[in-house]
Amino acid sequence: MKLSKLAWRRLLSLPRLLPLWCLLPVAVSAQPIHFTDAWQQVLKVSDKLQAQSQELNRAKGEQKAGESLRLPSVSLNGSYTRLEKPIELDLRDLNPLASLDPSTLPPALGGALAGIPGSMFVTPFTEQDIFRASLQAMWPIYTGGQITAAQGIQAAMVAEKQQQLQLATRDLFTLLVDRYYGVDVTKALVSTQTELVESLKVHVDHALALEREGQIAKVERLNAQVALDNAKVNLASARRQHEMAAIALARLLQPSEVSSTWVEPASALFVLPHAPSLAELTQLTLSQHPALKLLEAKEAQANGLVSLEKGKYQPTVFLFGNYTLYEDDSLFSQVEPDWMVGVGVKVPLLSRDGHSGKVQAAKSALLQARHTKAQTRQDLSLLVDQTYRQLLQSEEEVRALDTSLELAAENLRLREIAFNQGLSTSIDRVDAELKRTAVITQQLAARYRYVQAYARLMAISGQLDEFMGRSSYKSSDKSLDKSLDKTADNIVNQTVVHTVDHTSDRSVVQEIPHAR
């Protein structure tokens, strides 16, 4: 029987319309998801971003802790001390008794002094076991700028961690673009390879019919069969690649779940009608790229380190105080005041810390940060230029391959007619089919590279929202539609149908004019 042109178009478009579950194992179900939703999901479940966020929180905690450096410190101190012997004062050791000779005294007075026990001359100041408890306070009021420098360093560290989080977010964004659209590309490759297999099956049936009629040699039919077998192998390989791409995307969106549900991209590859402005991209990149801001934070840390080391040469002034909470009942405790306050100063004269070397090292770190920032600006400018030209190159390839695809489809149509009329070999016809498939594959690859380059430009310039808005842009895939129309016309215009009527033992190949 013969199929209408519309029927052939529907038959050939079927592989492109197959749902993902037809191409993957039966146990796997596909869940469509738009790129914007996928990005929001990644932001929620990414362990990499969570780890970077916790690092930022740690830096903020350290910064908050540094705010208390200007506050006074109050401590509760307690002590227990056991002395070799109590501290005592013997009056006989004091003048004038110490210098008094009892033999020179009158007998009555000398006898009276000799009759006094020696313990009565001893006054105990402390006990042998001493217990004390007190509150002590210290408040630095001038540190030579060390506190200000330390707080500045901590603030710069917070800024550094914030920029590292931004860099991690942009890296994750480009990774999602690669995996998300990689699934779309591999799915299209599976569809293209499926279409190639179906087309080569028709060609093999034609070759079998012509061989039975004696119109072609066996080698021609074998060539067609080999091409079909190779196409089947390539189809299986494409399916495996698609499976791996789908698994990689699913793991990115659901890293902690082992599920039989995979995701299917709902946002297709696109090509914008106009390329973005290179000057605007460069200006945005050089003004707000996280790498430059990170190096600015590094420079601020180096400046703070220089100030910190220089401050160690300055004197330190502080207030101090003490309040006694508990003491024993000794004479010394009664004499000692309950509280005291004062002002202290500490001037460094000579130390083993090597301040001069540390200052020099801090200055070198400052210069390193400045030179690294200058080099990074050059690298980012070059990266924008290179990526922009890759974008233009991919766009030109997509546009140019439209004509190549039309040529390949027309060449396949002519080779098919020539083969059916015995004017061409099976090798020519198979080569034409493979060339058409190769052009379709090249165009898919060019579209994929275009989206990758565009995503990297948006990530470099900080325009992630711009990409997500463009990801819903519907660019007409006219090249594939043209290819489909041409293939359908090829088969409809041919008078050969691969089905052989076995009941009448007659092949429709006989309908070909000038077949011999």
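Parameters and conventions
The residue numbering used here restarts from 1 in each chain and proceeds along that chain's sequence as written. For this predicted model, a pLDDT threshold of at least 70 governs which residues receive local features, and a threshold of 80 or more governs which side-chain atom pairs are given and counted, while totals over whole chains, interfaces and linings are taken from all residues. With hydrogens and water stripped out, all remaining heavy atoms of the structure feed into the side-chain values. Secondary structure is summarised from DSSP: a helix means a run of H or I of at least four residues, a strand means a run of E of at least two, and numbering begins at the N terminus for each. Relative accessibility under 20% of the residue-type maximum defines a buried residue, over 50% an exposed one, and the middle range a partly exposed one, all with a 1.4 Å probe and only protein chains included. Between two residues, a contact is recorded if the distance between any of their heavy atoms is within 4.5 Å. Areas reported as accessible are Shrake-Rupley estimates using a 1.4 Å probe. Residue values count occlusion only from the protein chains shown. Criterion used throughout: strands pair if DSSP finds at least two bridges between them. For a helix, the expected span equals 1.5 Å multiplied by the number of residues minus one. To get an axis, fit a line to the C-alpha atoms, keeping to the stretch in contact for a helix; angles then go from 0 to 180 degrees between the N-to-C directions. Our angle categories are set so that under 35 degrees counts as roughly parallel, over 145 as roughly antiparallel, 65 to 115 as roughly perpendicular, and the remainder as oblique. Crossings are assigned a handedness: left-handed for a near helix turned anticlockwise from the far helix by less than a right angle, right-handed for a clockwise turn. Distance thresholds for patches are 9 Å for like charges and 5 Å for nonpolar side chains (Val, Leu, Ile, Met, Phe, Trp, Tyr), applied to residues having over 30% relative accessible area and no salt bridge. Salt bridges are identified by distance alone: a Lys or Arg side-chain nitrogen within 4 Å of an Asp or Glu carboxyl oxygen. Centres within 6.5 Å are what make two rings of Phe, Tyr or Trp a pair, Trp counting through its six-membered ring; a difference in plane orientation under 30 degrees is then read as stacked, over 60 as edge-to-face, and the rest as tilted. Think of a polar contact as two N or O atoms within 3.5 Å of one another; within protein, one of them needs to be a possible hydrogen donor and the other a possible acceptor, and neighboring residues in sequence only count if both atoms come from side chains. Confidence of the predictor at the level of single residues is given by pLDDT, which spans 0 to 100. Bend angle per residue: angle between axes fitted to the 7 residues ending at that residue and the 7 residues starting there. Joining through side-chain atoms within 4.5 Å is the link that ties buried Ala, Val, Leu, Ile, Met, Phe, Trp, Tyr and Cys residues into a set, and such a set is a nonpolar core.

A. The arrangement of the overall build of the protein chain in detail. Scanning the protein chain from terminus to terminus reveals 14 helices and eight strands. Put simply, the protein chain has 516 residues, and 39% of those count as buried. Excluding contacts between residues fewer than 6 apart, the proportion of contacts in the protein chain whose partners are at least 24 apart in sequence is 88%. Per element, the accessible surface of the protein chain, about 28,600 Å² overall, is 56% carbon and sulfur.

B. Region of the structure containing the pairing of strand β7 (residues 316-327). Direction of pairing for strand β5 (residues 129-142) relative to β7: antiparallel, over a ladder of 10 bridges. Considered in β7, the bridge of Ala-137 is made with Gly-321. In this sheet, strand β8 (residues 339-346) lies alongside β7 in antiparallel orientation, the contact comprising eight bridges. Each residue of the ladder has a partner; that of Asn-322, found in β8, is Met-340.

C. Inspection of helix α12 (residues 426-461) at higher detail. For α12, spanning 36 residues, the distance from its first C-alpha to its last is 52 Å, which sits close to the expected 52 Å at 1.5 Å a residue. In the segment just after α12, Gly-462 is the residue with positive phi, at about 75°.

D. Representation of the packing of helix α8 (residues 278-288) against helix α11 (residues 355-420) in the model. It is at 10 Å that the axes of α8 and α11 come closest, and there the two elements cross at 150°. By the criterion of interaxial angle, the relationship of α8 to α11 is roughly antiparallel. For the pair α8 and α11, the sense of crossing is right-handed. From α8, Leu-278, Leu-281, Thr-282, Thr-285 and Leu-286 reach across to α11, where they touch Arg-377, Leu-380, Ser-381, Val-384, Asp-385, Tyr-388 and Arg-389.

E. Quick peek at a nonpolar patch on the surface. A cluster of nonpolar side chains, namely Val-74, Leu-76, Tyr-80, Phe-131, Leu-135, Tyr-323, Leu-325, Tyr-326, Trp-339 and Val-341, defines an oily patch on the protein surface of about 1,100 Å² accessible area. When contributions to the nonpolar patch are tallied by element, the ones reaching two or more residues are β2 (73-82), β5, β7 and β8. Position of Tyr-80 among the secondary structure elements: in strand β2. Residue classification places Tyr-80 among the partly exposed residues on the basis of a relative accessible area of 47%.

F. View of the packing of aromatic side chains. Under the defined criterion, the tally for this structure stands at 14 aromatic pairs. Ring geometry for Tyr-181 versus Phe-270: centroids 6.4 Å apart, planes at 70°, classification edge-to-face. Placement of Tyr-181 in helix α6 (residues 146-212) and of Phe-270 in the loop between β6 (261-265) and α8 is noted, with a sequence separation of 89 residues between them. Assigned by exposure class, Tyr-181 and Phe-270 land together as buried.

G. Representation of the sheet that holds β8. In spatial order, the strands read β2-β5-β7-β8; together these four strands make up an open sheet with antiparallel pairing. Each of the sheet's edge strands pairs with one partner strand only, and the pair in question is β2 and β8. Strand-to-strand, the axes of this sheet are offset by a mean angle of 25°, without reference to chain direction.

H. Structural view of the pattern of salt bridges. According to the stated counting rule, one finds 18 salt bridges in the structure shown. A salt bridge links Glu-264 to Lys-187, with the nearest nitrogen and oxygen atoms 2.2 Å apart. A residue pair is termed long-range when its members are at least 10 positions apart, and Glu-264 in strand β6 and Lys-187 in helix α6 qualify at 77 residues. For Glu-264, a relative accessible area of 16% corresponds to the buried category. Among the ionic contacts, a cluster of salt bridges with common partners joins Glu-195, Glu-433 and Arg-436.

I. Focus on the environment of Thr-169. Locating Thr-169 in the fold gives a position in helix α6. A relative accessible area of 15% means that Thr-169 is categorised as buried. In this structure the C-alpha to C-alpha distance between Thr-169 and Leu-49, which are 120 residues apart in sequence, comes to 6.9 Å. For Thr-169, the contacting residues outside a window of four places in its chain are Trp-39, Leu-43 and Leu-49. Looking at Thr-169, its side chain comes within polar contact range of the main-chain oxygen of Leu-165, at 2.8 Å.

J. Geometry of the confidence of the model for the protein chain. Predicted confidence across the protein chain gives a mean pLDDT of 80, with 78% of residues reaching 70 or more. Confidence scores differ between elements of the protein chain, with helix α2 (residues 20-23) showing the lowest mean pLDDT of 37 and α8 the highest of 94. The low-confidence segment residues 1-27 (pLDDT under 50) makes 43 contacts with residues lying over four places distant or belonging to another chain.

K. A look at α11. Taking 1.5 Å per residue as the helical rise, α11 with its 66 residues ought to reach 98 Å, and the 92 Å between its terminal C-alpha atoms agrees with that figure. At Leu-401, α11 shows its largest bend, some 30°. Positive backbone phi, approximately 75°, marks Gly-422, located one or two places after α11.

L. Spotlight on the side chain of Ser-394. Inspection of the secondary structure assignment puts Ser-394 in helix α11. Discounting residues that sit within four places of it in the chain, Ser-394 has contacts with Ala-446, Arg-449 and Tyr-450.

M. Representation of the nonpolar core. In this structure, Phe-35, Phe-173, Leu-176, Tyr-181 and Phe-467 are the most contacted members of the largest nonpolar core, which totals 54 residues. Of all the elements in the fold, those that place two or more residues in this core are α3 (35-45), α4 (47-66), α6, α7 (218-253), α11, α12 and α13 (464-470). If you tally residues by element for this core, the top one is α12, at 14 residues. When sequence neighbours within four positions are dropped, the list of residues in contact with Leu-176 reads Phe-35, Ala-38, Trp-39, Val-42, Tyr-181, Leu-249, Leu-252 and Leu-253. Core analysis: the next-biggest nonpolar cluster, separate from the first, contains 16 residues, Leu-196, Val-204, Ile-216 and Val-430 among them.

N. Spotlight on the pairing of β5. Across 10 bridges, β2 lies against β5 in antiparallel orientation. Within the sheet, the bridge partner assigned to Gly-78 lies in β5 and is Ala-133.

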